[in-house]
2 protein chains.
Amino acid sequence: MTDQITDVAEEQLDDSDLNSFDSTGIDIAEVHRAVMGSWPAERQRARDIAADPLFWRDDTLAMDEHRDRVLEQVKLLTERGTPKLSFPKRLGGGENPGGNIAAFEEIFLADPSLQIKSGVQFGLFGAAIMHLGTEEHQDRWLPAAMNVETLGAFAMTETGHGSDVASIATTATYDEATEEFVINTPFRAAWKDYLGNAAKDGTAAVLFAQLITKGMNHGVHAFYVEIRDEAGNYLPGIGGEDDGVKGGLNGIDNGRLHFSDVRIPRTNLLNRYGDVAADGTYSSPIESPGRRFFVMLGTLVQGRVSLDGSAVVAQQAALAIAVTYANQRRQFDNSGSGQETVLLDYGRHQRRLIPRLATAYAATFSHDEFLREFDTVFSGEGDTPERRADLETLAAALKPTTTWAGMDTLQIAREACGGAGYLAENRLTFLRHDLDVYTTFEGDNTVLLQLVGKRLLEDYASKFKEADARESARMLVSQAASRAFHDIGLARLGSIARDFGSSARSVGWLREPENQHALLSARIEEQISEIGMSLNRAQKAGKGDAAFNSLQHKLIETSHAYGELIQWEAFTRKLEDFDPESETHRILTWLRDLFGLSLIERDLSWYLMSGRLTTKRARLVSSYMTRLISRLRPHAQSLVDAFGYKDAHLRAKIASGAEKARQDEAAAYYSALRTSGNAPEDERTVYRAKRKQKREQERAAQQK
Amino acid sequence: MTDQITDVAEEQLDDSDLNSFDSTGIDIAEVHRAVMGSWPAERQRARDIAADPLFWRDDTLAMDEHRDRVLEQVKLLTERGTPKLSFPKRLGGGENPGGNIAAFEEIFLADPSLQIKSGVQFGLFGAAIMHLGTEEHQDRWLPAAMNVETLGAFAMTETGHGSDVASIATTATYDEATEEFVINTPFRAAWKDYLGNAAKDGTAAVLFAQLITKGMNHGVHAFYVEIRDEAGNYLPGIGGEDDGVKGGLNGIDNGRLHFSDVRIPRTNLLNRYGDVAADGTYSSPIESPGRRFFVMLGTLVQGRVSLDGSAVVAQQAALAIAVTYANQRRQFDNSGSGQETVLLDYGRHQRRLIPRLATAYAATFSHDEFLREFDTVFSGEGDTPERRADLETLAAALKPTTTWAGMDTLQIAREACGGAGYLAENRLTFLRHDLDVYTTFEGDNTVLLQLVGKRLLEDYASKFKEADARESARMLVSQAASRAFHDIGLARLGSIARDFGSSARSVGWLREPENQHALLSARIEEQISEIGMSLNRAQKAGKGDAAFNSLQHKLIETSHAYGELIQWEAFTRKLEDFDPESETHRILTWLRDLFGLSLIERDLSWYLMSGRLTTKRARLVSSYMTRLISRLRPHAQSLVDAFGYKDAHLRAKIASGAEKARQDEAAAYYSALRTSGNAPEDERTVYRAKRKQKREQERAAQQK
């Protein structure tokens, strides 16, 4: 038994590529270009803004002052022009949806409050006018929104309904007599809640409400509503509350709004997808009220796209700080040489940081593909209903995957920096406080992943009812994936990975991208197939709801794995951009392998139970990861340097070189002390020598 | 293949005890008594303080005002008397070390800043005087410390050395001519750092420095040093910096101190474990300088004990908030009944919260055993060197285990409460910000777990060199455990779990505590054995250091599992306090089983690879967990109610009944609307009916 369990690293690892390691290292500039992605100019423009002290977070401010500062920053940001990138050219915009999001993401490192406050203003309030309104609406309201003359709230969520937007309780009832809508929030749970710009700055809102006319509820529609006068007083019938201090993002004035018989003109309905004539007749270009609802919400997918990219920025910054510190900070003289060990030379420290570096790269490259797809759809270049639906699936898979990874990486980075990591001056804690809510706003991660799972299951149920269940599951996942990724190419799901236990070149087998891919996709296929079959059986027995509920956790885990597979594929495709003979290619391939294997390691029990991996090969997963990590360790600094963040972005004292200066100063002090001859003796040395002498005397006495 | 992977829950679960479920539920009062542990009066006294608004955290305060408030609260707390519980009776203390810690832990829910500021004052500054000084020192300095006339810093950590205390660079050099010590921090990395009370309030410090006399460095000793005059100005030769804003605990004035030729009287050396005579001669009751160092540091173990208990409080509070909200909050009308589903009825929500409830109970019961052991040693009742060493191992295993679990539980609770969870008014985020640093202060979790691992390995190496390696590993772990738990009884490691694949009563097999225990302990035994053997091989090859480093991650994971096993055992022992025929016993047993199985599930791949579990039985682990979770779901509210926290402790609006009131109000509104006949029709209903009609017409047309 023991022999079986013994770490097999020494004996069985295939070392064939060990000696080929080339110390010339990676081409940092080339990797940096890859990191900057498809809108490098816009991204760089925003990085320059984020490096300007005018836009920095001031950690010493209490909520009120922080809000004031961020409001001024939003105005300043508007002057710099990046927020206008997405808007119509005829209104001074750039009609550059991809570049707009790329720029937006980088504002995270100025202050996430500034990022999200501008996101509320331009990406929600402004974007809703643009996407849900007509040209007339755009002309009427967008200029003031784009110039921050009108600050606006995005009044969708209510205290009582967040994830289930279709069930919001606010009503907009049409009054034919006056040709007005009458807005009401009929009870406390119907109050609009958590709205940026609502507590203080907003004078208008895009408000979502059940549109009722002629006794018929046509579902959720958006309305332009003025909420405050120029003096900042609520307009008649409107009131509100401040959400107060939050776990982060305290530069934003989130608040609640309630409405009692507030009348707005009929023409304030943002009526692109549904209109009410003067006589109260409702009409819509989309007949199905269900589809209409999803089309309207779908226009707002850019929020999720941008959060995916922001969480990538968070991962990059966290690792840039923690890896830089870990390469300078020393603790414990393990070799007795008088030289303490650099933190990143500890096996545990490597295990905490280097696999997360692989995750950050995977997230970086997949986000760029995602952003290109978003741009293709929203620039109109490739705008089809199917592609919009696929884009939403992609968003629902990736936003949870990266925001959770961002939280995890920030926390590990903070702990890896010890007490220094807890100081605001080293950034990690406050970035994490701010990122926290990214996991539940713009779609709760759990709810989004359930959407992904349902999409896969729906295809399974509707298209392959008659076919052999397992085969069909495989087909469905390929099919869904290929639909979601026509232009990106994630269509290789469905290959069969089976480890027949050949012992030759075992590590080589794990290293083959085809095998990594097959293992990762197999897990998704089979789990979806299992869930689908269980649901079919349960539905036949009339227990579908209960069965779905008991499988919900498994479905969500599978959808999460699907998001990670998308990232793995994007990373693998990105490798093709590098010269296959280059050191850079070799190192990034290790990093991709490490990402793939870390996913397999986490779910190793599944691979064992499903027979996809033999025990023998499964053991190699962890030991090969250890090997990859130690190969990557010398390149960790280059890999974080390639993110391209400067001190003005990271603004972490421990990553500024201060730690190295302290280490050098201390070493110089001790060196001078030794040279001076004034260094005290160490009692421990004397004690050890005395003990040794005593032992020798005892031994000598015994021999007498 | 597919059949093998299919969820086997339906077919193979042993349902024998399903029908015996008794709806009368658990005896909440009895469970509450168990939760309150061995010092219920002291714990309740501190709970009363935590429920007093005078002691509450004010989330709106910026750092400076927060510090001022907490300083006043520390003084007030002193008036209430709980901090004096640990001190000598002759000075007005209670000589009640266990009760003191129990009370201290509950202050977490007032404001963690207040807790830790008082911990610095009484548990570090005061305790160091008490434990490292003589009676004379106590008489001279303790009364002012106990009454907060002198606020003191605990000046151990330096910017350059945190985990490696033995290597701090501050020196205290004895000057025979003046009979003084001369204190120096010779370079920037030697500055004392992260010290509570140092930035503003402290007028004195217990300072740790290398004691040098007659050209010999006798290692780290503690000195009483005055740092500021009554006006708050630094004394000559002393300076400092404010650590500024932190990721949490901003009510504490952490800062840095530096010393240049600061002279203090010889008698300011806290000389219980090492003294310098007027002529400069050093003496110590402990000959070995290494052991002397560990004995001195060991007197301060109470910090780790109290953090273990504080993290338990954090887990309890987080779950009380999240479970209460999840039982009131509704989202999505899944059944089409017009009644939305309560969050805790979702399978995923249950999976997120209920296993963590099991973890919180395990942590609660094991903390009480730990605290009793601490009290036995520190009350003098059972104070032996072995027991002190064992207590430190216990602290090193449990403090990391619970602080990480506390962080995890707070974050999951926050996400489970969605946007509401992010508001300060619902407590979760700020408790988490504050708890964050508990994972790295008072011993970095990673470093502590490595100590645990080294302890196990040392015994392995020294005692069983000659014996068969695997057998010896088993013996060693039992032996180490029994040494660490003589009075507690964790001595059952070493039993052999082997799953021979019998399919009969498979779930019954998993339910047997003997089998859970054997599985959990087997993992520790075998991993320690593997690591030990690998190290032996490597040492023979002269590669011991490299091998240790590559195994460091595995060793730390194993030590973490050891901490969890201690918790599992304590939970199991606690079950004996309940009537075995009672519903309470049955439910708590499910909870214990869930805790055990969740640990096994996480490491399932190890159990499969080691042959400890067959694939068949391994599959049952997750499905039986699902079953246990759904059995426990109806009791979740009772289980959090049994923690006994009131609204004044939790102070989370969402857990105050407000959500239920909102739900009731909304339901009443819709009910009245339906009754009134004024409810609008729903277009979706009309649309569906129209579609159905159309389909029927088409079918009819085809049949014609």
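*Asks:* Teacher, can you tell me more about the packing of helix 19 (residues 544-575) of chain A against helix 20 (residues 583-602) of chain A here?
*Replies:* The packing of two helices is summarised by the inter-axis angle and the distance between the axes. Residues and elements named next belong to chain A. It is at 10 Å that the axes of helix 19 and helix 20 come closest, and there the two elements cross at 165°. Considered as vectors, helix 19 and helix 20 are oriented roughly antiparallel to each other. Handedness of the helix 19/helix 20 crossing: left-handed. Of the residues in helix 20, those in contact with Glu564, Gln567, Trp568, Phe571, Thr572 and Leu575 of helix 19 are His585, Leu588, Thr589, Leu591, Arg592, Phe595, Gly596, Leu599 and Arg602. Residue classes in the contact of helix 19 with helix 20 are distributed as seven nonpolar, five polar and three charged.

*Asks:* Quick question: what am I supposed to make of the nonpolar core here?
*Replies:* Soluble, globular proteins show a tendency: their nonpolar side chains are buried together. One finds Phe208 and Tyr361 of chain A together with Phe208 and Tyr361 of chain B to be the most contacted residues of the largest nonpolar core, which totals 333 residues. Tyrosine 361 of chain A has contacts with Val31, Val35, Phe571, Leu591, Leu639, Ala642 and Phe643 of chain A, leaving out every residue within four places of it along the chain.

*Asks:* Even after reading the chapter, I still don't get the packing of aromatic side chains, so can you show me in this structure?
*Replies:* Each aromatic ring pair is summarised here by two numbers: the centre-to-centre distance and the angle between the ring planes. Under the counting rule described, the total for this entry stands at 32 aromatic pairs over all chains. Between tyrosine 670 of chain A and phenylalanine 187 of chain B the ring centres are 5.5 Å apart and the planes differ by 75°, which places this aromatic pair in the edge-to-face class. You can see tyrosine 670 of chain A sitting in helix 25 (residues 658-676) and its partner phenylalanine 187 of chain B sitting in the loop between strand 3 (180-184) and strand 4 (192-195), one on each of two chains. Assessed through its relative accessible area of 32%, tyrosine 670 of chain A is described here as partly exposed. With 4.9 Å between their ring centres and 65° between their planes, phenylalanine 181 of chain B and phenylalanine 223 of chain B make a pair best called edge-to-face. Taken together, the positions of phenylalanine 181 of chain B in strand 3 and phenylalanine 223 of chain B in strand 6 (residues 216-226) put the pair 42 residues apart, joining distant regions of the chain. There is no split in this pair, since phenylalanine 181 of chain B and phenylalanine 223 of chain B are both buried. A connected cluster of aromatic rings, assembled from ring pairs, spans Tyr361, Phe365, Phe571 and Phe643 of chain A. Over the ring of tyrosine 645 of chain A we find arginine 47 of chain A; its NZ or CZ atom is 3.9 Å from the centre of that ring. A cation sits over an aromatic face here: arginine 388 of chain A above phenylalanine 378 of chain A, 4.5 Å from the ring centre.

*Asks:* Explain the sheet that holds strand 4 (residues 192-195) of chain A to me, please; I cannot follow it from the model alone.
*Replies:* Two pairing modes exist for strands in a sheet, parallel and antiparallel, and in both the strands are linked by backbone hydrogen bonds. All names here are of chain A. As summarised here, the arrangement of the three strands in space is 4-8-7, forming an open sheet in which the pairing is antiparallel. Only two strands of the sheet have a single neighbouring strand rather than two, namely strand 4 and strand 7 (238-242). Adjacent strand axes in the sheet meet at a mean angle of 25°, parallel and antiparallel pairs treated alike. One ladder, built from five bridges, connects strand 7 with strand 8 (residues 255-259); its direction is antiparallel. Residue pairing across strands places glycine 240 opposite leucine 257, the latter belonging to strand 8.

*Asks:* Is there a simple way to explain unusual backbone geometry in this structure?
*Replies:* What is expected of a backbone is that most residues other than glycine have negative phi and most peptide bonds are trans. Residue and element names in this part refer to chain A. Despite not being glycine, phenylalanine 332 shows a phi value in the positive range, around 75°. Within the secondary structure layout, phenylalanine 332 lies in the loop between helix 10 (302-326) and helix 11 (347-378). With a phi angle near 50°, arginine 651 is a residue other than glycine that sits in the positive phi range. Here arginine 651 is to be found in the loop between helix 24 (647-650) and helix 25.

*Asks:* Is there a simple way to explain the sheet that holds strand 7 (residues 238-242) of chain B in this structure?
*Replies:* Residue and element names in this part refer to chain B. Read from one edge of the open sheet, three strands run 4-8-7, paired in antiparallel fashion. The strands lining the two open edges of the sheet, one partner per strand, are strand 4 and strand 7. Taken over all neighbouring pairs, the strand axes of this sheet differ in orientation by 25° on average, direction set aside.

*Asks:* Can you help me understand the packing of helix 12 (residues 385-416) of chain A against helix 14 (residues 428-435) of chain A in this one?
*Replies:* Residues and elements named next belong to chain A. In contact at an axis separation of 9 Å, helix 12 and helix 14 are set at 155° when each is read in the N-to-C sense. Accordingly, the angle class assigned to the pair helix 12 and helix 14 is roughly antiparallel. Of the two possible hands of crossing, helix 12 and helix 14 adopt the one that is left-handed. Touching Thr403, Gly406, Met407, Leu410, Gln411, Ala413 and Arg414 of helix 12 are Leu428, Thr429, Leu431, Arg432 and Leu435, all from helix 14. Looking at the contact of helix 12 with helix 14 residue by residue, the classes come out as six nonpolar, four polar and two charged.

Rules behind the numbers
- Residues numbered from 1 in each chain as written.
- Chains lettered and ligands numbered in written order.
- Predicted model: local features only at pLDDT ≥ 70, side-chain atom pairs only at ≥ 80, totals over all residues.
- Heavy atoms only, no water.
- Axes fitted to C-alpha atoms, helices over the stretch in contact; angles between N-to-C directions.
- Helix = DSSP H or I, 4+ residues; strand = E, 2+ residues; numbered from the N terminus.
- Parallel < 35°, antiparallel > 145°, perpendicular 65-115°, else oblique.
- Left-handed = near helix turned anticlockwise from the far one by under 90°.
- Contact = heavy atoms within 4.5 Å.
- Nonpolar A, V, L, I, M, F, W, Y, C, P; charged D, E, K, R; others polar.
- Core = buried A, V, L, I, M, F, W, Y, C linked by side-chain atoms within 4.5 Å.
- Buried < 20%, exposed > 50% of the residue type's maximum accessible area, 1.4 Å probe, protein only.
- Phe/Tyr/Trp six-rings, centres within 6.5 Å; stacked < 30°, edge-to-face > 60°.
- Lys NZ or Arg CZ within 6 Å of the ring centre and 35° of its normal.
- Pairing = 2+ DSSP bridges.

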